[in-house]
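Architecture and fold: a report
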Amino acid sequence: MKYTKGEQLAIIRIANARNERSRYLDLSGLNLMRIPCDISDLIYILDIDLSFNSFRNFPKEIGLLENLQYLDFSHNNLVEIYFEYGRNYCLKELKISHNLLNFVPEELDYLPHSTTIIFNENPFLENLPLELIENEDLSYIKYYQDSLRTADNKTRLFETKILLVGRGDVGKTTILKKLLDENFIVEIGKETSTHGIDITTYKENVIYPALNPHYNRLEDAENLYIRIEDDIEDEEDGVVTEAFFNVRFIPFEKYFYGVDIPLEIRISDQPNIDFDSNVYFEKEIKVNVWDFGGQEMLYATHQFFLTKRSVYIFVWDSRADNDEDNFEYWLSIINRLGGESPIIVVMNKSDIRIKSIDENFFRNKYKNIVTFINISCSNNNGFDDLRSVLNQVISEQKHIGSELPKSWNSIRENLKNCEKNYLTFAEFKEFLNITDSDEINHVSGFLRDLGDIIYFGQDYGLKDIIVLNPNWLTKAIYELIHSLEIQKSKGAFKLEQLANFLDLKHYPEEKHFQIVALMTKFEICFQILGSNNDYIIPVLLSPILPNTVKISNFEVPETLKFIVRYTFLPAGIIERIICRLNFYLEGENYWKYGAIFTTEVSRGIVQLDRFKKIITISVIGSLQAYLFSIIKNAIDIIHDNLKLIDGDFEEVYVCNCNDCALSETPTLFERKILFKYLERDKEFIECQKSIENININNILSGFKSNKSENSLLRKFIDAASKLQSRKIMLAGFNENKVNIYYQDLLNPLLKLRGNSAKEQSLLGTSSTLKGFGQIDISVEDVDGIPKTIFEGFFLSNVDTTIIKKHLDKTISNYDANGLIEKYLGIYCKSVNFNVLVEGYSLYIKSFVNTYVNDIEILGTSDISQFYVQGSEIKVFRTDCKRSNQKLHLYHLLINIYQP
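The following refers to the structure shown. (Residues numbered from 1 in each chain as written. Predicted model: local features only at pLDDT ≥ 70, side-chain atom pairs only at ≥ 80, totals over all residues. Heavy atoms only, no water.)

Helix and strand content of the protein: 29 helices and 37 strands. Projecting the C-alpha coordinates of the protein onto the three principal axes gives extents of approximately 105 × 85 × 70 Å. Looking at the protein residue by residue over its 899 residues, the buried ones come to 52%. Taking all contacts inside the protein whose residues are at least 6 apart in sequence as the whole, residues at least 24 apart take part in 62%. Accessible area of the protein: about 43,500 Å², with a carbon and sulfur share of 47%. Computing the positive centroid from 98 side-chain charges and the negative centroid from 128, the protein places the two 6 Å apart. (Helix = DSSP H or I, 4+ residues; strand = E, 2+ residues; numbered from the N terminus. Buried < 20%, exposed > 50% of the residue type's maximum accessible area, 1.4 Å probe, protein only. Contact = heavy atoms within 4.5 Å. Areas by Shrake-Rupley, 256 points an atom, 1.4 Å probe, with all protein chains shown as cover. Lys, Arg positive; Asp, Glu negative; His and termini not counted. Charge placed at Lys NZ, Arg CZ, Asp CG, Glu CD.)

Written as structure tokens, this is what we have:
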């Protein structure tokens with residue numbers, strides 16, 4: 001057989017990989033169209049790179065490799081994928097981007113659900129709604145495309161969204177009223193403020209070019225127009241001072257008056273005259289206007305409501321003094337969350353005062369600014385220009401006219417006509433008239449992506465509420481934040497207090513928990529861990545440093561210090577950090593602009609300087625890098641949620657030389673500068689204070705944690721806290737039902753780490769040592785390897801027989817694998833929780849220096865202070881040793897007593 005040059009090189013590389021027993025094979029860029037070897041030569045390879053070749057058909061040899069973990073087939077000409085049904089593939093990542101796939105291959109269903117598939121730049125993605133592509137879910141895309149198979153099943157979405165944004169009291173609501181009714185009369189001093197989000201819908205006739213995807217000759221051929229441009233010159237004393245075009249649109253019937261309209265225009269999918277795209281058509285557009293309240297306390301919800309495929313009207317008032325910060329925040333956050341959505345900048349109240357700004361500066365920095373307009377709601381100045389620009393911008397929206405399954409559109413319309421503020425999942429399912437769970441997930445996901453509903457189906461506490469009216473939710477949040485009682489308590493409130501703050505007619509008590517759960521999801525509040533439904537709204541915290549916080553403790557030479565500098569300060573960022581890291585809070589050491597976080601061996605303080613726009617992280621103690629990585633990871637996630645990019649913030653390391661360690665103004669090194677030095681093989685950088693050469697790797701190494709959080713303790717505590725806060729729902733539950741409910745709460749938390757909980761698992765031996773024992777919950781990783789076990793039981797008093805039975809089961813009998821950590825969940829039903837905890841503690845501590853079968857009990861300690869702030873959960877750790885291996889048994893005592 002004759003081999004091409006590329007195939008000859010491939011044979012050499014395959015032989016080298018076999019001889020070197022390499023698990024990686026690089027066959028990229030060889031112009032291959034086939035695999036020049038037998039499958040036996042590839043069977044031990046785990047990672048194959050076949051990118052930048054000329055494959056049109058997927059090689060069968062590759063499709064038979066069950067052990068393969070990584071496969072890169074990007075930048076080829078693939079028109080098909082080959083995998084076989086029934087094989088146990090181990091593929092973790094498949095890259096098939098930049099190919100010629102016209103459909104989502106069915107064969108991808110044969111791969112494990114955990115396989116990451118990168119599929120961008122393929123023909124099947126063309127003309128898809130942006131929301132589907134960004135979701136990166138192939139099953140979602142496939143379902144959408146299958147729903148559009150026939151013309152009878154699809155419609156087109158002529159709809160857009162306008163968002164009115166800006167700080168409070170700039171007149172956004174009044175502008176909306178004037179847009180809807182040009183005769184609306186403004187009564188000075190009587191304008192209403194928006195408390196949350198108001199949504200208004202109106203219809204507008206818009207002129208579009210007769211091109212795809214907007215034009216459809218079967219629907220639009222009767223509404224065609226010709227675009228005419230008239231040359232107009234302004235003269236002054238006979239001299240032309242300005243020349244411009246006046247644009248007119250003339251209906252076809254008038255333009256061709258007395259003449260038959262050419263047939264080729266009538267039947268063309270993209271009609272034109274004289275090869276010029278001057279044919280247009282008129283279409284009625286549904287415009288949904290979202291009027292955002294300007295209260296800064298609600299800015300944290302923006303990531304859920306500021307969407308792409310929208311038109312933004314940013315309103316400002318020339319009477320404000322902080323124009324620069326105001327512009328910087330709004331234009332930046334729109335750019336990040338709204339993508340390339342067009343922005344119209346409107347200065348309101350121009351009849352009172354006009355203020356000049358550097359428009360060119362903002363145009364250059366924010367490329368999606370369409371124009372700047374000065375308006376007055378009092379005398380109507382500028383509104384004709386605003387309406388004209390709006391219509392022009394809407395006509396240029398590429399997503400308008402995109403195809404949508406008819407059934408999906410019918411659901412959308414029915415939901416919008418629904419007078420309810422929310423639905424339960426059962427009502428939503430009935431509303432959809434869909435029974436298949438995957439189909440429900442796809443449709444609800446699309447509705448969520450379009451902003452039609454607020455729904456977090458993967459969150460156990462929120463899966464039974466689908467919010468149809470965003471204002472219902474945001475108004476509830478507004479009422480709580482503006483409650484005088486909650487403000488006086490510095491943001492602290494109990495769940496049962498919501499009945500005092502909310503109108504029960506619109507917010508029945510059975511929905512209060514879900515409202516607070518949504519606030520928690522938005523990172524507007526957090527539950528005090530281990531408390532009896534006690535919550536904190538960080539934005540209402542005192543700005544004064546608590547007396548228990550000593551900043552000087554963090555100003556020592558060994559402190560690990562890191563700074564994040566922002567070009568614009570994302571609203572609510574410190575509050576979100578506190579909410580996200582509430583598991584690590586040190587007691588009540590948190591305030592409006594900072595908090596102290598702790599582990600068992602280290603402490604870290606995070607502080608916000610609003611004026612300098614910086615966040616400082618300082619960590620002391622042992623394993624500093626571990627706590628730093630936890631804090632830094634939380635900030636990274638918030639940055640990612642806000643779609644921040646490198647230019648929005650700058651990460652800075654503090655020099656660790658002796659001079660800087662004791663200085664209030666140490667030398668600061670930008671992260672990107674340090675890495676640029678390393679890229680150019682420069683290991684040292686000069687400190688401007690000590691003039692010493694500082695080893696860059698020594699600076700960075702202090703921030704790198706070698707410890708990964710293998711322990712699942714915080715996940716179990718989080719689920720225990722959720723269980724405790726829902727104790728009223730446990731009435732009548734037996735022990736088994738409580739364990740099942742606890743597992744339901746635990747599973748979503750475990751999935752974040754690639755683990756899952758299995759109930760009533762057969763492990764180890766039974767208490768009689770004659771067969772398998774049955775454990776309440778077993779936790780396994782994605783490969784089915786046991787990670788830990790959990791045994792849960794009721795306890796009303798210090799019944800040593802019951803305690804000893806479960807202690808033996810968990811420590812020894814049910815653990816055939818020698819697991820590093822195990823868990824006991826003690827569901828306490830005593831009228832006096834503290835007395836029960838004390839008695840339990842004394843009993844388990846009595847086992848110190850004793851043996852349970854072959855396991856030595858080293859001791860038990862109360863570690864509650866490091867993990868919970870409330871009094872309704874206690875955490876103990878029993879340290880054990882088995883064959884010189886140190887093991888841990890965690891006891892979670894959860895108060896579920898109800899009078």
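With a phi angle near 55°, Arg 309 is a residue other than glycine that sits in the positive phi range. Since its relative accessible area comes to 13%, Arg 309 is described here as buried. One non-glycine residue, Asn 533, adopts positive backbone phi at about 60°. Here Asn 533 shows up in the loop between β19 (526-527) and β20 (534-536).

A separate point is the sheet that holds strand β4 (residues 93-95). Pairing is parallel across the open sheet formed by five strands, whose spatial order is β1-β2-β3-β4-β5. Edge positions in the sheet fall to β1 (24-26) and β5 (116-118), since each has one partner strand and no second. When the angles between neighbouring strand axes are averaged without regard to direction, this sheet yields 5°. Both strand β2 (residues 47-49) and strand β3 (residues 70-72) contribute to a ladder of three bridges, which runs parallel. Within β3, the residue paired with Asp 49 across the bridge is Asp 72. (Pairing = 2+ DSSP bridges. Axes fitted to C-alpha atoms, helices over the stretch in contact; angles between N-to-C directions.)

The next thing to look at is the side chain of Ser 341. Take Ser 341: it is sitting in the loop between α10 (323-338) and β13 (343-348). A relative accessible area of 4% places Ser 341 in the buried class. A distance of 3.3 Å separates the side chain of Ser 341 from the backbone oxygen of Ser 310, its partner in a polar contact. Polar contacts involving the side chain of Ser 341 include one to the main-chain carbonyl oxygen of Gly 338, which spans 2.7 Å. (Polar contact = N/O pair within 3.5 Å; in protein donor to acceptor, adjacent residues only side chain to side chain.)

Let us look at the pattern of salt bridges. Throughout the structure, instances matching the rule amount to 35 salt bridges. Here Glu 66 ties to Arg 87 by a salt bridge, and the two come within 2.8 Å at their closest N and O atoms. One end of the pair, Glu 66, is in the loop between α2 (60-63) and β3; the other, Arg 87, is in the loop between β3 and β4, with 21 residues separating them in the sequence. Using a relative accessible area of 27% as the deciding quantity, one classes Glu 66 as partly exposed. (Salt bridge = Lys/Arg side-chain N within 4 Å of Asp/Glu carboxyl O.)

On to helix α4 (residues 138-146). Of all nine residues making up α4, seven are buried, and the element is well covered by its neighbours. Turning to α4, its buried residues are Leu 138, Tyr 140, Ile 141, Lys 142, Tyr 143, Tyr 144 and Gln 145. Buried residues belonging to α4 abut β5, α3 (130-135), β15 (402-405), α13 (406-417) and α15 (437-449).

Turning our eyes to something else, we now look at helix α21 (residues 624-641). The α-helix advances 3.6 residues per turn, and as a result positions three or four apart in sequence lie on the same side. Over its 18 residues, α21 runs 26 Å from end to end, which matches the ideal 26 Å to within 8%, given 1.5 Å per residue. When we look at burial in α21, the residues that qualify are Gln 624, Ala 625, Tyr 626, Leu 627, Phe 628, Ile 630, Ile 631, Lys 632, Ala 634, Ile 635, Ile 638 and His 639. If you follow the buried residues of α21, they end up packed against β21 (560-566), α20 (573-580), β23 (594-598), β24 (602-609), β25 (614-621) and β26 (649-654). Phi turns positive, to about 60°, at Lys 643, one or two residues after α21. (Expected span 1.5 Å × (residues − 1).)

What follows concerns the pairing of β23. Of all five residues that make up β23, five are buried, and the element is covered over most of its length. Burial along β23 is two-sided: the residues Gly 594, Ile 596 and Thr 598 and Ala 595 and Phe 597 are all buried. Both strand β22 (residues 585-591) and β23 contribute to a ladder of three bridges, which runs antiparallel. For Trp 591, the partnering residue across the bridge sits in β23 and is Gly 594. Taken together, β22 and the strand that follows it, β23, pair antiparallel across an intervening segment of two residues. For β23 and β24, the ladder comprises five bridges, and the chain directions are antiparallel.

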